[in-house]
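What follows is the residue order along each chain.
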Amino acid sequence: MADIIKVEHLSYVYNPGMPNAVTALDDVSFTVEEGDFVGIIGATGSGKSTLITHMNGLNRPTSGKIFIDGRDLWAEPEKIRDFRFLTGLVFQYPEYQLFEETCYKDIAFGPKNMGLDEAEIQRRVHEAADFVGLDPALLERSPFELSGGQKRRVAVAGVMAMKPRILVLDEPAAGLDPEGRDEILSEVKEYHKKTGTTVLLVSHSMEDIAKYANRVLVMNNKKIAMYDTVEKVFARAPELLELGLSVPQVTKIFLKLREMGVDVPADVYTIPYAVKMILNAKSRRDAGESLVLPRKEVQKGGAAEC
Amino acid sequence: MLRDITIGQHFPGNSLVHRFDPRLKLVLTIAYIVLLFAASNPLGLALSILFLAGMYMVAKIPFKMILKSLKPILPIVIFTAVLNLFFVAGEGEPLVRVWFLTIYAEGVRYAVLMAVRVMALIAGTSLLTYTTSPIVLTDAIEQLLKPLGKLHFPVHELAMMMSIALRFIPTLIEETDKIMNAQKARGAQLDTGKMTDRVKALVPVLIPLFISAFRRADELAMAMECRCYRGGEGRTRLKVLRCEKQDYIDLAVCIVCFGVILASRLVFPNF
């Protein structure tokens, strides 16, 4: 499929020319195919947030170019607003941007700015509310009466209602309880599947990225350190750990097993796949096959029983 | 765009100006403002600006920072200058006469002087906030106002309010930036579009900003109560302000400079 996002040699400097100039992005290039679900990870200050604010033209690159859907983002600066509707951006803690009297009106803010007619707005608001699992009864309530998790949903729905081709979410699950995390992320995944929207998800949680994304972009020190499919990135777990990032717990276990000389794959990053691999190993052992990695020393102990 | 607001911003350093006793610095800044108006002839004004430039040099604050602090008040300066230009009536023949507008040489002179004076005023007070951290500054204000406490004036509370307000300026600016970006991402026309649209677009920014300001105030009050904050009564300080020898030397230098500037007005009243 075609590249919906194409970033070429993007660099961004805060306060250029000032004594406190800070480079936030340094020669970043990558492309995203339409329909991909890309997880973006990186340590704090690695440039993730700066990168995503470039996707809809909130920040203007100091140098380099961004193409969204084949069009240069900054070719005509006065038309930048069109791209804001093409790329929906959900910021960290988006519930703090709510301002309308009712949830309905707040969700309708984006579509209204697009100049849609009332019927279409209504359709979109209900659709978006449905995607984030918001009770229609809450739509007429003030957003300030809702709980934190519900507010977050309203805010996410507000962006989804614009029906962007690309949805960018910056830590949508931050500060939510484990149940809330899973819910909101599965809703995003569901939205991705149903609408075919390209999704960029910034997260600190490797588990979340492993579970929902199909590609991972690893940022380190203002540059892209890795950009590949989830399997390939997590197969390079030692490098990730070196970058100060964690890998999913289950990947850690499998890496440890390999270290101990057990023949299991290294690119395991989700629980279902892990279970399959363990059962696979067990049946191999039961069949009398050796599980010992050939070149390593035997240090089996009870490891194969795990 | 909001990042350009520099009032209340501290520019850390360890220069002579930075280390100068904040109480004296505050008093001298006020004196400097008075001086700007007292020495109102061009020569006096030029000397005052020279003095300020020297201070900025000593403080090692880049001149760009002055421009930055002047930027937000530029519309006011231009506005007053234009008003002065047209409304100050001088003697003799007007320079220009267009329809009902007349410009006198006196008006031009006055407009320029006033604009320069206001800019010097802002630059001067900015130097104070650049070189003094807000906490130290409010400490100084509190100590200077202490005598008023005898008249049951709530000096400590006032100082506390000021330090909190100063402390939250950068936070709120950052917050405004974030909210503006979030609303822009939903198509709010803050940087594009017609003037009326832009004004309307402020509502989605101001409401969340107010809500978050109240929330922050609430949280702060709670945190202060948790630490048993009871106000100024019997409170001791971590850093006690004391004037050292160096401070007196600095003070003397400043007084001499101010004296010279003031004297220049009396000696050369026509310049």
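Here the structure is a predicted model, which means the values were calculated and not measured. Here the residue index of a chain counts from 1 through its sequence in written order. Chains carry letters from A onward and ligands carry numbers from 1 onward, assigned in written order. Where local features are concerned, this predicted model is filtered to residues with pLDDT of at least 70; where side-chain atom pairs are given and counted, the filter is 80 or more; whole-chain, interface and lining totals use all residues.

Engineer: How do you make sense of the domain arrangement of chain B when you look at a structure like this?
Structural biologist: Many structure descriptions define interface size as the accessible area lost when the parts assemble. Residue and element names in this part refer to chain B. Residue ranges labeled as domains rest on an automatic or database domain assignment. Assigned domains within chain B: domain 1 (1–132 + 244–271) and domain 2 (134–240). For domain 1 versus domain 2, the distance between C-alpha centres works out to 28 Å. Counting residues at the interface gives eight residues for domain 1, matched by 13 residues for domain 2. Of the residues belonging to the side of domain 1 that touches domain 2, the class tally is four nonpolar, three polar and one charged. Note on contacts: each residue gets a C-beta atom placed from the backbone, and two residues are in contact if those atoms are within 7 Å. For this classification, the nonpolar set comprises Ala, Val, Leu, Ile, Met, Phe, Trp, Tyr, Cys and Pro, the charged set comprises Asp, Glu, Lys and Arg, and every other residue, Gly included, is treated as polar.

Engineer: Whenever I open this one, the interface of chain B and chain A confuses me. Can you help?
Structural biologist: In this assembly, 18 residues from chain B lie in contact with 23 residues from chain A. Only α8 (155–185) and α10 (203–226) of chain B provide two or more residues apiece to the side of chain B that touches chain A. The secondary structure listing takes helices from DSSP runs of H or I that are at least 4 residues long and strands from runs of E that are at least 2 residues long, numbered from the N terminus. Here the side of chain B that touches chain A takes seven residues from α8 of chain B, the largest share from any one element. Looking at the side of chain B that touches chain A residue by residue, the classes come out as nine nonpolar, five polar and four charged.

Engineer: Just checking my understanding: could you explain the sheet that holds strand β1 (residues 3–14) of chain A for this structure?
Structural biologist: Hydrogen bonds between backbone atoms are what pair the strands of a sheet, whose relative direction is either parallel or antiparallel. Residue and element names in this part refer to chain A. Pairing is antiparallel in the open sheet, where four strands are placed in the order β2-β1-β4-β5. In this open sheet, the two strands that pair with only one neighbour each are β2 (22–33) and β5 (71–72). Note: β1 against strand β4 (residues 63–68), five bridges, orientation antiparallel. When the sheet's bridge partners are listed, S11 is paired in β4 with S63. At least two DSSP bridges between two strands are required for those strands to pair.

Engineer: Can you walk me through the sheet that holds strand β3 (residues 37–42) of chain A in this structure?
Structural biologist: Residues and elements named next belong to chain A. Strand order in this open sheet of six strands is β6-β7-β8-β3-β9-β10, and the pairing throughout is mixed. Both edges of this open sheet fall to β6 (87–90) and β10 (223–229), since each of them pairs with a single strand only. With strand direction ignored, the average angle separating the axes of adjacent strands in the sheet is 15 degrees. As paired elements, β3 and strand β8 (residues 198–202) share four bridges and run parallel to each other. If you follow G39 over to β8, its bridge partner there is L201. Angles here are taken between N-to-C directions and fall from 0 to 180 degrees, while the axes themselves are lines fitted to C-alpha atoms, restricted in helices to the stretch in contact. Contacts from helix α5 (residues 148–160) reach β6 and β7 (166–170), with the element oriented near 170 degrees to β6.

Engineer: Teacher, can you tell me more about helix α4 (residues 63–70) of chain B here?
Structural biologist: Since one α-helical turn is 3.6 residues long, residues separated by three or four positions face the same way. Residue and element names in this part refer to chain B. Within α4 the residues assigned to the buried category are M65, I66 and S69. Summarising the axial view, the buried residues of α4 lie within an arc of 105 degrees, below the 170-degree limit, and thus occupy one face. Facing away from the buried side of α4 by over 90 degrees, the exposed positions are F63 and K64. On its buried side, α4 packs onto α3 (42–58) and α6 (105–131). We call a residue exposed when 12 or fewer other C-beta atoms sit within 10 Å of its C-beta, buried when the count reaches 20 or more, and partly exposed for counts in between; the C-beta positions come from the backbone. For this quantity, the arc is that covered by the directions from the helix axis to the C-beta atoms.

Engineer: Please explain unusual backbone geometry as it appears in this structure.
Structural biologist: Negative phi is the rule for most residues except glycine; trans is the rule for most peptide bonds. The backbone of Y93 of chain A sits at a positive phi, close to 45 degrees, despite the residue not being glycine. With respect to the secondary-structure elements, Y93 of chain A resides in the loop between β6 and α3 (103–113). Since 18 C-beta atoms lie within 10 Å of it, Y93 of chain A is described here as partly exposed. One non-glycine residue, H152 of chain B, lies in positive phi territory at about 60 degrees.

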